Amino acid sequence: MLAGAGQMGGALLEAWLDVGIDHRCLTVLEPRPSGPLVERLDRAGIVLNPLAGTRPSPDVLVLAVKPQMLERAAPDLLPYAQPGTLLISVLAGKTIADLRRALPDVGSIARAMPNTPAAIRRGITGVAVDAAVNENQKAAIQFLLAAVGEVEWLADENLIDAVTAVSGSGPAYVFYLTECLAKAGEAVGLEAAVAMRLARATVEGAGGLMAARPGDTSEMLRRNVTSPGGTTAAALDVLMMDTGGLPMLISAAVAAAHRRAAELSG
Ligand SMILES: NC(=O)C1=CN([C@@H]2O[C@H](COP(=O)(O)OP(=O)(O)OC[C@H]3O[C@@H](n4cnc5c(N)ncnc54)[C@H](O)[C@@H]3O)[C@@H](O)[C@H]2O)C=CC1
Ligand SMILES: O=C(O)[C@@H]1CCC=N1
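Once a new chain begins, its residue numbering starts again from 1 and follows that chain's sequence as written. Chain letters start at A and ligand numbers start at 1, both assigned in the order the entries are written. Local features in a predicted model are, by the rule used here, given only for residues with pLDDT of at least 70; side-chain atom pairs are given and counted only at 80 or more, and totals for whole chains, interfaces and linings are based on all residues. Each side-chain value is derived from all of the structure's non-hydrogen atoms; neither hydrogens nor water enter the calculation.

**A few points about the packing of helix H6 (residues 159-168) against helix H7 (residues 170-187)**
As a packed pair, H6 and H7 sit with axes 5 Å apart at the nearest point and diverge in direction by 25°. One element, H6, and the other, H7, form an angle in the roughly parallel class. Here H6 contributes Ala165, Val166, Ser167 and Gly168 to the contact with H7, which in turn contributes Gly170, Pro171 and Tyr173. When residue character is reported, Ala, Val, Leu, Ile, Met, Phe, Trp, Tyr, Cys and Pro are called nonpolar, Asp, Glu, Lys and Arg charged, and the others, Gly included, polar. Looking at the contact of H6 with H7 residue by residue, the classes come out as 4 nonpolar, 3 polar and no charged. Axis definition: a line fitted to C-alpha atoms, over the contacting stretch in the case of helices. Angles run 0 to 180 degrees between N-to-C directions. Elements are defined by DSSP. Helices are runs of H or I of four residues or more, strands are runs of E of two residues or more, and each kind is numbered from the N terminus. Throughout this description, any angle smaller than 35 degrees is read as roughly parallel, any larger than 145 degrees as roughly antiparallel, any in the 65 to 115 degree range as roughly perpendicular, and the remainder as oblique. Here, two residues are considered to be in contact whenever any of their heavy atoms come within 4.5 Å of each other.

Printed below as a string of structure tokens:
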């Protein structure tokens, strides 16, 4: 069962359908389903918003509502979060203790932090579990998360906030980099549409090259672009500045996301 089929829940659902998870095993709770979602679920034969009491509590409940919605959503979820149920939460910041407080009857809890490339099965998910999660449930978690990409098991639940700050939010950093690169292209004379095509293809191509060359470090790939005394070196001199350069900016951004995750707990 999936509760919350927005950006992240929808991406997970799409990937699960892609890997052929049986539609009879899936039920979706979503108070504001979009037209395309209703159509998608209908086509796949997946039950949306069953009447209260008509569905048993599921083996697995994947929770993908906004962290701020947890308290409000909990009463509707209580019948589905029972002792036989494994809760997999993707909520940023909400700890296992927070989830246990909201859904006290649930059997066991996993905190997972995926990212939106899950929609094309190119995501990466960090996951940590409480002591009540058994081996069968660990296998189920691995199966559901591997359907959307790579899986990193974490020994310490606290590290989920760090995963959130790096890979959970990370796609947005890369998309913003694309926007900045396009804007900078305009500043050196390109038409907006051309600059965006160049920036977008560059980010896609660089990502594709990394994916195609898993044995090459990102540093090696960077060095391959950088001729001594050339144009890339001139740009990297700016990006690598100790003060105001990219390391400082990215560290500050990741630290801000990490702090925000902690603020969302409770
Ligand atoms: N968007 C992202 O890149 C990522 C998001 N997350 C986490 O995923 C969760 C959802 O985020 P988004 O998908 O971006 O938000 P969203 O707003 O797109 O989706 C949340 C969905 O939950 C639904 N919802 C609200 N109350 C509900 C209830 N009582 N029962 C069932 N569904 C209910 C809303 O109608 C909405 O469709 C958040 O907790 C976020 O921290 C985690 C990793 C990445
Ligand atoms: O922005 C957020 O809070 C969520 C968590 C990771 C990505 N999006």
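**Let's talk about the site of ligand 1**
Around ligand 1, the surrounding shell holds 21 residues, and the nearest of these are Gln7, Met8, Glu30, Val65 and Ala92. Gly4 is positioned with one of its backbone polar atoms (N or O) 3.3 Å from a nitrogen atom of ligand 1. The method behind every accessible area is Shrake-Rupley, applied with a 1.4 Å probe, and residues are considered shielded solely by the protein chains displayed. Starting from 830 Å² of accessible surface for ligand 1 in isolation, the protein chains cover 83%. Along the lines of polarity and charge, the residues of the shell around ligand 1 split into 14 nonpolar, 4 polar and 3 charged. Any residue with a heavy atom lying within 4 Å of a molecule or strand is counted as near it. In the analysis that follows, any N or O atom pair within 3.5 Å is treated as a polar contact, provided that within protein one partner can donate a hydrogen and the other can accept it, and provided that, for residues neighboring in sequence, both atoms belong to side chains.

**Focus on a nonpolar patch on the surface**
Excluding any residue in a salt bridge, patches collect residues exceeding 30% relative accessible area, merging like charges within 9 Å and nonpolar Val, Leu, Ile, Met, Phe, Trp and Tyr side chains within 5 Å. Salt bridges, as used here, are contacts in which a Lys or Arg side-chain nitrogen is within 4 Å of a carboxyl oxygen on Asp or Glu. Judged by side-chain polarity, Leu239, Met240, Leu246, Leu249 and Ile250 come together as a nonpolar surface patch covering roughly 440 Å² of accessible area. Of all the elements, helix H11 (residues 246-264) adds the most residues to the nonpolar patch, at 3 residues. Within the secondary structure layout, Leu249 lies in helix H11.

Read these as spatial facts, not as claims about activity.
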